[in-house]
Amino acid sequence: QVQLVESGGGLVQPGGSLRLSCAASVNIFSFNVMVWYRQAPGKEREWVATIVKSGMTTYADSVKGRFTVSRDNAKNTMYLQMNSLKPEDTAVYYCNEARAMGRGSWGQGTQVTVSS
């Protein structure tokens, strides 16, 4: 059973930074497409960023220039570096890969709260 576990969330002040990690139970070299999503209470899950095997990345307009997604295949881990955080970034953040998304499979996520 493939597992992806998010970590690194917490409480941070506006303008601060956090780095989220997504640790996989298998070699993520097999994951062509990995993604970060986030969801606030009462709202639908929204796409944040994508990274493909080559390292090419894309971002939602709301986070472009502030967030950076990366992957370390040797460590079987994907990261989301979040800088210049805003209160509207408050959400539960989820990582996933394409095949699991196709199955509707999501993990527990990690809570990010941006507040003064």
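### Side note on the pattern of salt bridges
Counted under the stated rule, the structure contains 5 salt bridges. In this structure, the salt-bridge partner of D89 is R38, at a minimum N-O distance of 3.0 Å. Remark: R38 occurs in strand β4 (residues 33–39) and D89 occurs in the loop between β8 (77–82) and β9 (91–97); sequence separation between them is 51 residues. Judged by relative accessible area, which is 5%, R38 ranks as buried. R66 is the partner of D89 in a salt bridge, and the nearest nitrogen-oxygen pair spans 2.8 Å. Here D89, found in the loop between β8 and β9, pairs with R66, found in the loop between β6 (57–59) and β7 (67–72); they are 23 residues apart in sequence, far enough to count as distant. Side by side, D89 and R66 carry an identical accessibility label, which is buried. Through salt bridges with shared partners, a single ionic network connects R38, E46, R66 and D89.

### Examining the state of the cysteines
Evaluated as defined, the whole model comprises 1 disulfide. Residue pairing for C22: its cysteine sulfur links by disulfide to C95, the two sulfurs lying 2.0 Å apart. Torsion about the S-S bond of the C22 and C95 cystine: about 70°, corresponding to right-handed handedness. Here C22, found in strand β3 (residues 18–24), pairs with C95, found in strand β9; they are 73 residues apart in sequence, far enough to count as distant. Comparing C22 with C95 shows no difference in burial state: the two are buried.

### Re the sheet that holds β7
Read from one edge of the open sheet, 4 strands run β1-β3-β8-β7, paired in antiparallel fashion. Both outer strands of the open sheet, β1 (4–7) and β7, are each paired with one neighbouring strand and no more. For this sheet, the mean angle separating the axes of adjacent strands, direction not counted, is 15°. For β7 and β8, the ladder comprises 6 bridges, and the chain directions are antiparallel. Among the inter-strand pairings, V69 is bridged to a residue of β8, identified as L80.

Reading guide: rules and limits
Residues numbered from 1 in each chain as written. Predicted model: local features only at pLDDT ≥ 70, side-chain atom pairs only at ≥ 80, totals over all residues. Heavy atoms only, no water. Salt bridge = Lys/Arg side-chain N within 4 Å of Asp/Glu carboxyl O. Helix = DSSP H or I, 4+ residues; strand = E, 2+ residues; numbered from the N terminus. Buried < 20%, exposed > 50% of the residue type's maximum accessible area, 1.4 Å probe, protein only. Disulfide = S-S within 2.5 Å. Pairing = 2+ DSSP bridges. Axes fitted to C-alpha atoms, helices over the stretch in contact; angles between N-to-C directions.

Shape descriptors only; they carry no functional weight alone.
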